[in-house]
Every structure is written in structure tokens, then in C-alpha cells.
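# An overview of the molecular structure
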Amino acid sequence: MPEASLSAEQIAVFRSDGYLVLPGFKGADELLAAVQRAHAIVEDFDPGQGASRFSTRDRSLVADARLIDSAEQVHCFFEEEALDDQGRLRVPKAQSINKIGHALHDRDAVFQRFSHGPELAAVAAGLGLQHPQVWQSQLIFKQPHIGGEVGWHQDATFFVTTPHTVTTFWFALEEATLDNGCLWVQPGGHRTPLREQYICDEGRLRMQPLNTTPWPDTTRAVPLPVSAGTLVVFHGLLPHCSAANRSARSRLAYTLHATDGTAAYSPLNWLQRGAGFPVRGFD
Ligand code: FE2
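Heads up: these notes are all about the structure in this document.

### Some words on the coordination of the iron ion
Summarising the metal site, the iron ion is bound by the protein donors H153 (NE2), D155 (OD) and H240 (NE2), whose distances to it range over 2.1 to 2.2 Å. Each donor residue of the iron ion lies on the same chain, and together they follow the pattern H-x1-D-x84-H. With H153 in strand β6 (residues 150-153) and H240 in strand β14 (residues 240-242), this pair connects stretches of sequence that are 87 residues apart. With respect to class, H153 is no different from H240; both count as buried.

Structure (C-alpha cells):
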């Protein structure tokens, strides 16, 4: 395990608040390569190939085989407002994508490099992940004008382990502001229980309620406007959300979700890996 690069103070902040902001974690060259590659993937994508519309308001729209298949592949998913009633694109393809997932970090050479290395391994070690297992990568576009809101949730909903270990690595590939839909978090909210679990039950995806603890109101939430290159790491139980992007500027982010291999990964989690595609760490 690499030496932890985080200071004792940073680790204390993470434990107290449930999140930590690391400005300048990624340099300009890496950011440029990631942004260019993201746009190239979209350019190569054929919208006619049965892509799913990904609705952040109605999770039933993602309950299809394409999402499950994306666990081991790289698929594009549309913004909810990108298609008209007949399923035709209302905006140019390049502005229609909500996200790309979920195995970029293992399938795409640019994002493989972006998602591994001693710096990330050191952060994971500093946060207490003894044997990180990176299950998922996502490019989240938050397109100008039509980028949808993402309501309050906890990422552990999608990656249950016993005990809870999932940790989110959220990279700003572009500046995230109040206007284009930056993250909002509830400091200390990682000490609240898991509200719901997103499970795969015999090939069907559904949300299973677990706990009725209410989501925070705006008085207990803080926005996290950050510059491009910032890494925000947060605890899997931390409630967070982001507003719709009604501005003219995109808000491209990249996320990784890692659990600790010392904890039991729920067989009900929607994202599973086959024996031929094992999950690996940041090295
Ligand atoms: Fe999230």
C-alpha cells in the first residue's frame, strides 16, 4: 500500500465532514486529454444503436438491460430532455449525452491512465481503503441549458458493502459553478443511515427503501463550486445533489467509485463483474 499523501488535517476533515476538496489534483494536460477523449467517444457514438435515455427523475427509465450491460462496457446515455416525444434528438448529438459509463477506467486507454497511479492510490489509502476496488467510472456531462438536476442521494445506494466502504472520487474536468450545476453536499451527513438501495433482482432493477430519514433541506446544504482539475472525494453515505444546468456552459465531470475489498460486496448491487473481468484497484 502506498504512503498516504493526505495530511492528518485533511483526513480529519474527511472524517468530520464526509468530504474533502483537493484543488489542482489533475493538471492541464490530463484534463485536456480527458475532455478531448470524452468528446471523441460521443463523436463515435451512433445514437441509432438503441441508446437509453437516462432519467435522473424517474429511475425506472434506466431499468433496462443496456444499463446492466454497461457494467463491463462503455455506453452513452441521453439527457432526458434531449429527445422529443417520438424519440428524436432535439439538440445536436454532442449536446445530447447525459453520461458515459461504466467501465471507462478499464476499457478506454485515456481513462485507464486518468484513473490509476500512485497519487490516487495514496489518496485512497489515506481515506482508509485498504484494498480499493474501482467498480465504476462515469463521465457526467451536465449539458448547457438541458443538463438535468440530480436529486439528493447517497452513492452507497448503488454500491452496498458490509460495512459501508464505497468512496466517490469526483473530478471536475471543467469548472463547476453555482450556475452550471456544481455539487451540493450536507457536511456531516455521512453519519446518517442509508435511505435506499438500488438492487438488481433477477434482471430487474429497482429501488429498495431502507430508512425514512429525511433528506437535508437547503439550510443544511453547502455548494461546492470548484475549478477544473479539482478532485472531490466523499463518503458513500454523504447526501449530495446537483442543480440543473440552465447556463450556456457545460459542466463535465468524471467519477470513480471504489469499495474496500476487505468488505463484503452485496450480490444485490446492480453492478457486478464477471469472472473474466475482475475489479481492480488504483495501481
Ligand atoms: Fe452521486
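### Quick look at the pattern of salt bridges
In total, this model carries six salt bridges according to the counting rule given. Between D108 and R37 there is a salt bridge whose closest N-O contact spans 2.7 Å. Placement of D108 in the loop between α4 (104-107) and α5 (109-114) and of R37 in helix α2 (residues 28-44) is noted, with a sequence separation of 71 residues between them. Overall, D108 belongs to the buried group, its relative accessible area being 6%.

### Some thoughts on the side chain of T157
Inspection of the secondary structure assignment puts T157 in the loop between β6 and β7 (161-162). Aside from chain neighbours lying at most four places away, what touches T157 is L194, E196, Q197, Y198 and M207.

Rules and cut-offs
Residues numbered from 1 in each chain as written. Predicted model: local features only at pLDDT ≥ 70, side-chain atom pairs only at ≥ 80, totals over all residues. Heavy atoms only, no water. Donors = N, O, S within 2.8 Å, 3.2 Å for Na, K, Ca; no water. Helix = DSSP H or I, 4+ residues; strand = E, 2+ residues; numbered from the N terminus. Buried < 20%, exposed > 50% of the residue type's maximum accessible area, 1.4 Å probe, protein only. Salt bridge = Lys/Arg side-chain N within 4 Å of Asp/Glu carboxyl O. Contact = heavy atoms within 4.5 Å.

No statement about biological role is implied by the geometric values presented.
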